[in-house]
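Residue-level structural notes
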Amino acid sequence: MKGLLFFITLFFMATSLAQSLVDDLGGNEFSGSLGGPGAPEMSTEKIEKISASGRVLILSNNAASYGKGDFISLVLDDKLVNRAIVAKTTNASGGIKIIKVYNVEINKLLKPGMEVKVIRGDDSYFLNRKQQDTPEDNVAIIQDEEGLFDETTLLEDDLSLEENTKRKIKNDNIISLFLSQVEGQDAGRESKRYTQISGAWSYQVDDNIWGEISYGENTITDFPGGEVDTTFTNLVVRLKYTVEAPFYSYIQPYAGYQILSADSPLAGTGNLTPEEAEEERKLVTELEKSGPIFGVTILKRLVPGWFARVDVGSDSMNFGFSLEF
């Protein structure tokens, strides 16, 4: 079960917090964590992309915490950084346009991959606290809403953010946990499918092209003989291509390579004749095979970031769940 533990560990390490660089910077700050009357609800999102000018950001929206047309504020380390309007949302991401910078120094530290807090709507909870701003800390980049859609100032930024629009799935990583039905044989050499607990990690190496590695295992009791168990493992490497389908689904035809292994240290031991011992070892060896495989993966989006997953292929039949990040 070491492989299963490895994939479960990957699940909980999908994201991590970067060390803060803003503790000593001035701004709209307060001591302690948010709380008390009037404290706003905040969600945690990740900055995915920043335009060259810093005026347009692509922000994750995994918590569906904002929508098109909303005014939002970004907070980093309990410091109010800037004010923005949501220009558009798609899947689990949103494009926002900065209309006011509260803290110039912290705003310059924003970078892709950094996690920030998002306030939707009113941010006066911060503004009503004791301020330590300098005149520079309240710079309005855009003076009014009309300027938000001024092509002379924002068109270049918008174009610089379109390089990944061909991607059907925005994020680059998907981890999965699923049950597999793997073809094998029993002690009588009859065909039999074994159920395995499996995990997989997929990475988007190029637009809509994914590489994936998966591992599963199970224990076959009383195989190849009575009171003898065999560990049956399934290692698969796949190359996939993503095609968008109706109902928030994605189809991924794949080709790859499968390695089936069997381990039974007690096979061929005990009170057996040489012929019986050889037969048991041969049964274990016959479980093992490797070769090319073909199939298709279907992902059905359940909520932002989560999919139901089905695989049908020459390697196995799988059903489970996937998380993108």
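Summarised in this report is the structure supplied together with it. Treat the numbers as computed from the prediction; the structure is a model and nothing was measured.

With that settled, the discussion passes to the environment of Glu288. Checked against the element boundaries, Glu288 lands in the loop between helix H5 (274–287) and strand S13 (289–303). As for Glu288 and Thr233, which are separated by 55 residues in sequence, their C-alpha atoms are 9.1 Å apart. The residues contacting Glu288, other than those within four sequence positions of it, are Leu260, Ser261 and Ala262.

Turning our attention to the nonpolar core. Residues Leu59, Ile72, Leu74, Leu76, Ile96, Leu110 and Val116 are the most contacted members of the largest nonpolar core, which totals 19 residues. For this core, the elements supplying multiple residues, two or more each, are strand S2 (56–60), strand S3 (71–76), strand S4 (79–90), strand S5 (93–101), helix H2 (104–107) and strand S6 (115–120). When near neighbours in sequence (up to four residues on either side) are disregarded, Leu74 contacts Leu57, Leu59, Lys79, Leu80, Val81, Asn82, Ile96, Val116, Lys117 and Val118. One finds Tyr194, Ala267, Leu283 and Val284 within the second-largest nonpolar core, a separate group that totals eleven residues.

What follows covers H5. Residue pairs three or four apart in sequence face the same way in an α-helix, which turns once every 3.6 residues. Relative to the 20 Å expected for 14 residues at 1.5 Å per residue, H5 spans 21 Å between its end C-alpha atoms, a close match to the ideal helical length. Along H5, the residues that are buried comprise Ala277, Glu280, Leu283, Val284 and Leu287. Around the axis of H5, the buried residues are gathered within 120 degrees of arc, so they sit on the same side. Pointing more than 90 degrees away from the buried face of H5 are the exposed residues Pro274 and Glu275. On its buried face, H5 sits against strand S7 (173–185), strand S9 (209–220), strand S10 (230–241), strand S12 (249–263) and S13.

In this structure, S7 lies alongside strand S8 (residues 191–206), joined through 13 bridges in antiparallel fashion. Bridging from a neighbouring strand, Ser176 pairs with Ala200 of S8. In this antiparallel pair of consecutive strands, S7 and S8, the connection spans five residues, and Arg189 shows a positive phi of 65 degrees. As paired strands, S8 and S9 are joined by nine bridges and run antiparallel to one another. Across the sheet, Tyr203 pairs through a bridge with Gly211, a residue of S9. Between S8 and S9, which pair antiparallel and follow one another directly, the connecting turn spans two residues, one of which, Asn208, has a positive phi of 70 degrees.

Conventions we followed
- Residues numbered from 1 in each chain as written.
- Predicted model: local features only at pLDDT ≥ 70, side-chain atom pairs only at ≥ 80, totals over all residues.
- Heavy atoms only, no water.
- Helix = DSSP H or I, 4+ residues; strand = E, 2+ residues; numbered from the N terminus.
- Contact = heavy atoms within 4.5 Å.
- Core = buried A, V, L, I, M, F, W, Y, C linked by side-chain atoms within 4.5 Å.
- Buried < 20%, exposed > 50% of the residue type's maximum accessible area, 1.4 Å probe, protein only.
- Expected span 1.5 Å × (residues − 1).
- Arc of directions from axis to C-beta.
- Pairing = 2+ DSSP bridges.

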